[in-house]
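The primary structure of each chain is shown beneath.
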Amino acid sequence: MSVRPAWEVRENEGATRWFEFRLAFADGARVDALAVVGGGYVGVEEVRAQPALSLDDLAVLADWIEESVAEACAGSGPDGRGGEGRRARPVWPRGAEGRRLVAQEYRAAQLDGADPVLAVMGATGHSRRTSLRLIGQARDEGLLSPRRARR
């Protein structure tokens, strides 16, 4: 499950925040949802599921979303913002350890049938260009197979 803040609207002393949720399962099923938090409530605005969800599944989804929103908002300060800053990146090791982790993320995404570059971008918090550079460094170190087979 992944949770990402989508956007925030501030009005007077309060704020309304939206979060994007993605649940991906090993069998290929996935659920995307958009939830809103504001005024002391959590609401689900949109849910897209492949395959479709039953009403019981929606109830379970609501519980997952509520718990995830609580965790995402737990790091918020008194002003409703996270204590780390707006564009904070996850801590990512540098050097050989970082390249090894990039290779792991890349291969895991390939096995799941997802875009490996996007997986590295999400894991590192870096731009596409920087993520491609990290992937190239992992290839140069022999942690990933060469991009093109030489003839």
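Right above here is the structure, for reference.
Residues numbered from 1 in each chain as written. Predicted model: local features only at pLDDT ≥ 70, side-chain atom pairs only at ≥ 80, totals over all residues. Heavy atoms only, no water.

Caption draft 1: Summary view of the packing of aromatic side chains. A full pass over the atoms with the stated rule returns one aromatic pair. Consider the rings of Trp-7 and Trp-18, whose centres lie 5.2 Å apart with planes at 25°: the pair is stacked. With Trp-7 in strand β1 (residues 2-11) and Trp-18 in strand β2 (residues 14-24), this residue pair connects regions lying eleven residues apart in the sequence. The buried category is assigned to Trp-18, whose relative accessible area is 14%. (Phe/Tyr/Trp six-rings, centres within 6.5 Å; stacked < 30°, edge-to-face > 60°. Helix = DSSP H or I, 4+ residues; strand = E, 2+ residues; numbered from the N terminus. Buried < 20%, exposed > 50% of the residue type's maximum accessible area, 1.4 Å probe, protein only.)

Caption draft 2: The arrangement of the packing of helix α2 (residues 95-112) against helix α3 (residues 116-124) in detail. At their nearest, the axes of α2 and α3 sit 8 Å apart, and the two run at 135° to each other. On the basis of the axis angle, α2 is oblique to α3. In this structure, α2 crosses over α3, and the sense of that crossing is right-handed. Mapping the contact onto sequence places Val-102, Glu-105, Tyr-106, Ala-109 and Gln-110 in α2 and Pro-116, Ala-119, Val-120, Ala-123 and Thr-124 in α3. Tallied by class, the residues present in the contact of α2 with α3 amount to seven nonpolar, two polar and one charged. (Axes fitted to C-alpha atoms, helices over the stretch in contact; angles between N-to-C directions. Parallel < 35°, antiparallel > 145°, perpendicular 65-115°, else oblique. Left-handed = near helix turned anticlockwise from the far one by under 90°. Contact = heavy atoms within 4.5 Å. Nonpolar A, V, L, I, M, F, W, Y, C, P; charged D, E, K, R; others polar.)

Caption draft 3: Spatial organisation of the pattern of salt bridges. Applying the stated criterion across every chain, the model contains seven salt bridges. For Arg-10, the salt bridge is made with Glu-8, and the minimal N-O distance between the two is 3.3 Å. Residue Arg-99 pairs with Glu-141 through a salt bridge whose shortest N-O separation is 2.5 Å. Of the two residues, Arg-99 sits in helix α2 while Glu-141 sits in the segment after α4 (128-140), which places them 42 residues apart along the sequence. (Salt bridge = Lys/Arg side-chain N within 4 Å of Asp/Glu carboxyl O.)

Caption draft 4: The arrangement of the pairing of strand β3 (residues 30-38) in detail. Among the nine residues that make up β3, eight are buried, leaving the element largely enclosed by the rest of the structure. In this sheet, β3 lies alongside β2 in antiparallel orientation, the contact comprising eight bridges. What sits directly across from Phe-19, in β3, is Ala-35. Where β3 and strand β4 (residues 41-50) come together, nine bridges link them in antiparallel fashion. Paired with Arg-30 across the bridge in β4 is Gln-50. (Pairing = 2+ DSSP bridges.)

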